[in-house]
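The chain contents come next:
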Amino acid sequence: MRPKFLIILVIAGIAYVLGARAGRERYEQISTAVTSFWNDPNVKKARSEAKKNVNKARKAAQKKLR
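J.: Explain the overall build of the protein chain here, please?
T.: Across its full length, the protein chain holds three helices and zero strands. Helices and strands appear in the protein chain in the N-to-C order α-α-α. Taking 11 Å as the expected radius of gyration for a compact globule of 66 residues, we find that the protein chain reaches 17 Å, considerably beyond that expectation. The principal-axis extents of the C-alpha atoms in the protein chain amount to approximately 55 × 25 × 15 Å. Residues classed as buried in the protein chain amount to 3% of the 66 residues present. Computing the positive centroid from 16 side-chain charges and the negative centroid from 4, the protein chain places the two 18 Å apart.

J.: Looking at this structure, I do not really get the confidence of the model for the protein chain. What am I missing?
T.: Parts of the prediction with low pLDDT should not have their coordinates interpreted in detail. The share of residues in the protein chain with pLDDT of 70 or more is 94%, and the mean pLDDT across the chain is 87. Mean pLDDT values over the elements of the protein chain span from 83, in helix α1 (residues 3-19), up to 93, in helix α3 (residues 41-65).

Calculation criteria
Residues numbered from 1 in each chain as written. Predicted model: local features only at pLDDT ≥ 70, side-chain atom pairs only at ≥ 80, totals over all residues. Heavy atoms only, no water. Helix = DSSP H or I, 4+ residues; strand = E, 2+ residues; numbered from the N terminus. Rg over C-alpha atoms; globule rule 2.2 N^0.38 Å. Buried < 20%, exposed > 50% of the residue type's maximum accessible area, 1.4 Å probe, protein only. Lys, Arg positive; Asp, Glu negative; His and termini not counted. Charge placed at Lys NZ, Arg CZ, Asp CG, Glu CD. pLDDT = per-residue confidence, 0-100.

Right, dumping it as structure tokens:
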């Protein structure tokens, strides 16, 4: 997935939450869903692995620049 596409999805989600006419109840449903997704063990593991890969790539890029 491209970073630009992901950013667009995040912005669209935020715009929906802020602009929803369904009111506070719908906002709470969305908020609960996002929180449960973010705290899911598989998502936590994926975030951790992504962070490790980013750090590894950053170190490799720094090494090439030297």
